[in-house]
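# Observations on the three-dimensional arrangement
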Amino acid sequence: MIRRCQPLAFTLSWALLFFCVISFVSSARAQTFSHDNYVASLGGSVINRADFNKDGAMDLVIGNNAAQDVSIVLGNPDGSFQAARSYSTGGNADDLVIGDFDKDGNLDIAVAHFTTSSIGILLGNGDGTFRNGTNVATPDYTTSITTADFNHDGFLDLAVGVNGSNSVLIYPGTGTGSFGAPIALTAGTMPIRYVRAGHFNNDGNADLAVIGTSGYNGELNVLLGSGNFGFTKTFTMSATDPRYLNAADVNQDGYSDLLYSEGFCPAGFCPAVHVLISQKNGQFTQSAKITLDGSSHKIPFTPQAIDVNGDGINDIAFAIYGAEAVSNGSTSTYEVLVYLGNPDGTYQSVPAKIWTGTNKSTSAITVGDFNRDGKLDIATANPGDATMSVLLNTTPRGACKLSTTSPSITVCQPQDNTAALVDANHSIRFTGCTTDASTVNVVKLYMDNALIFSQAGNCLNTDVVPNPGIHFFVIKAWDRAGNIFRTNRHLTAYNGPYGQTCTVAPLSAKICSPAPGSSNASPVRVVGGINSDRPVTSTQLYVDNALIYSTKTSDHVDRSFTLSSGSHYMVLKGWDASGRIFSTSRSFTVQ
């Protein structure tokens, strides 16, 4: 179903009124996240997200390098998570991938082991539980793993790096959860540390990016796939002590770009994150190098592309592993850094810092819309204290910014890999415009490979109401010079509850719901939070001077409470690691 916006008309979307026009201006807004901690398992070294039980809410999987298992943490629609459940895989996890390896419609997990010569296979049952499959024997322990259908037979294959070898081993999938004999692919001159699948040109075949290391030396190689397990090397560059490699569509043009991080160099610490943009032909151009202060001994891990402020331009977020002195002493703190992206492909020099706490050794992050509010959130693996942190995005949506690349199309709403409520009163709003030296004739919107909307000119502005489920959208434009360019969106449409977030000013407390002086039915949903530049150590909620809720693992509240009819006085109070107290209050009534 399509709902097209008329010029200057009001439409109801997400219970807020928006003008059906687009404004492309910049505005500086603080990037804020609420914070929850959950018990996970020992030595969480890698984290990823997927909907394992098909309930429309994102779940998490954490690979543990201090125990021979993975932790499955099922998500709730409000962004909270259930107790972790562990599954043995037969080795300590160094990397993992998610896919349907046995073609039963349920998501499975493959784990690269760094202590045993095998790949662990967990087959999903579709309800969030797993059973052990047949582990895949490897010549030595594995350093990295990725998955794609490299030969177009409809079955997912595995590509792994093996200790001491400069060859990628490709294990052909059979569609039964088992894998055939490996095919060796020489990828460079150094032992492989990371391997990632992506689409780096427009031939429809899965490609590979590989990082090899030898001491402080490293090399990045890109190999284009032929579609029959053959590969051709098209790009090589040197790297210094590479610590991670990620393939992601940074500039949102439908092609995979590359992010990799560096730690040490012969002179000491030289931490940095490199952003390489695909030229759509197997070649790459470095658009940015984010350099960190090496004197503080920080090492960046797992860089991710994420549009934190919803302005249409992807930002870069990554975990920082290392101690940092804080204002009240030399406590070891760990954090996630977010560098906001600029329309020209560069990044702002001062990052937003998100504390994950003391002694957590945060070393991996993943991104997803965990509370289904249309914003991308962050989850971290914290091996230092066997927890995970969930950082729900409370950043106000920024004004849309157009990429300066010509030709390109910038879509500010919706954000990729988010969820949207669809019913009689809620739709998915698509808004975007092109940047092009030539005149753009038309912009078209496709859903699940079918054309559903077309608009003349250089902008797209429409509402869509798809059926609940996972959908793939393509926004494509044509110009008079013959250029065709696109951007993609992967969205989950759902009916039902979602989580609320409360944007709180720095160094303060705020209650967003119930409204002051409001009349409410019981149970009363309370949404509020604390925002400090230090970790929040305790959050408490009082009604009529009685404590009704207390937590030491979260800096926000999103809960419903049964209250008696009449007038009530509520106080939200929080303490941070520096001993500061933040408090706010309000009065309301219950019917």
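These figures come from a predicted structure and were not determined experimentally. (Residues numbered from 1 in each chain as written. Predicted model: local features only at pLDDT ≥ 70, side-chain atom pairs only at ≥ 80, totals over all residues. Heavy atoms only, no water.)

Pairing within the open sheet is antiparallel, and its 4 strands lie in the order 22-23-24-25. Among the strands making up the open sheet, the edge pair consists of strand 22 (242-248) and strand 25 (284-291). Averaged over neighbouring strand pairs, the angle between their axes works out to 20 degrees when direction is ignored. With 7 bridges connecting them, strand 23 (residues 257-265) and strand 24 (residues 268-278) associate as antiparallel partners. Residue Glu262 lies in a different strand from strand 24, and its bridge partner there is Ala272. (Pairing = 2+ DSSP bridges. Helix = DSSP H or I, 4+ residues; strand = E, 2+ residues; numbered from the N terminus. Axes fitted to C-alpha atoms, helices over the stretch in contact; angles between N-to-C directions.)

Throughout the structure, instances matching the rule amount to 3 disulfides. With its sulfur 1.7 Å from that of its partner, Cys433 forms a disulfide with Cys459. Its S-S torsion of about 105 degrees marks the bond between Cys433 and Cys459 as right-handed, since a negative value means left-handed. You can see Cys433 sitting in strand 35 (residues 428-435) and its partner Cys459 sitting in strand 38 (residues 459-464), a full 26 residues away along the chain. On the accessibility criterion, Cys459 (21% relative accessible area) is partly exposed. (Disulfide = S-S within 2.5 Å. Buried < 20%, exposed > 50% of the residue type's maximum accessible area, 1.4 Å probe, protein only.)

One side chain can pair with another of opposite charge once the charged atoms of both are near each other. Summed over all chains, the structure comprises 10 salt bridges. Put simply, Asp241 and Arg243 hold a salt bridge, and the shortest N to O gap is 3.0 Å. Residue classification places Asp241 among the buried positions, given a relative accessible area of 11%. Of the charged contacts in the structure, one is a salt bridge between Arg525 and Asp558, with a shortest N-O distance of 2.9 Å. Here Asp558 lies in strand 46 (residues 556-561) and Arg525 lies in strand 43 (residues 524-531), a separation of 33 residues in the sequence. Residues joined by salt bridges that share partners form a network here, namely Asp533, Asp576 and Arg580. (Salt bridge = Lys/Arg side-chain N within 4 Å of Asp/Glu carboxyl O.)

Within the structure shown, the criterion is met by 12 aromatic pairs. Between Phe101 and Phe179 the ring centres are 5.7 Å apart and the planes differ by 70 degrees, which places this aromatic pair in the edge-to-face class. Of the two residues, Phe101 sits in the loop between strand 9 (93-99) and strand 10 (108-113) while Phe179 sits in the loop between strand 16 (167-171) and strand 17 (183-186), which places them 78 residues apart along the sequence. Considered together, Phe101 and Phe179 belong to a single accessibility category, that of buried residues. Put simply, the rings of Tyr38, Phe81 and Phe370 touch in pairs and so form one group of aromatic residues. The ring of Tyr194 is capped by Arg193, whose NZ or CZ atom sits 4.4 Å from the centre of that ring. The cationic tip of Lys444 hangs over the ring face of Trp478; the distance from NZ or CZ to the ring centre is 5.0 Å. (Phe/Tyr/Trp six-rings, centres within 6.5 Å; stacked < 30°, edge-to-face > 60°. Lys NZ or Arg CZ within 6 Å of the ring centre and 35° of its normal.)

Turning next to unusual backbone geometry. Most peptide bonds adopt trans geometry, and most residues besides glycine take a negative phi value. Of note, the amide linkage connecting Gln413 to Pro414 takes the cis form, showing an omega dihedral of -5 degrees. When you line up the elements, Pro414 lands in the loop between strand 33 (408-413) and strand 34 (418-421). In this structure, Pro514 follows Ser513 across a cis peptide bond, with omega equal to 5 degrees. Looking at the element boundaries, Pro514 is found in the loop between strand 41 (508-513) and strand 42 (519-520). Despite not being glycine, Asn449 has its phi angle at roughly 70 degrees, a positive value.

The values are spatial; any link to function lies outside them.
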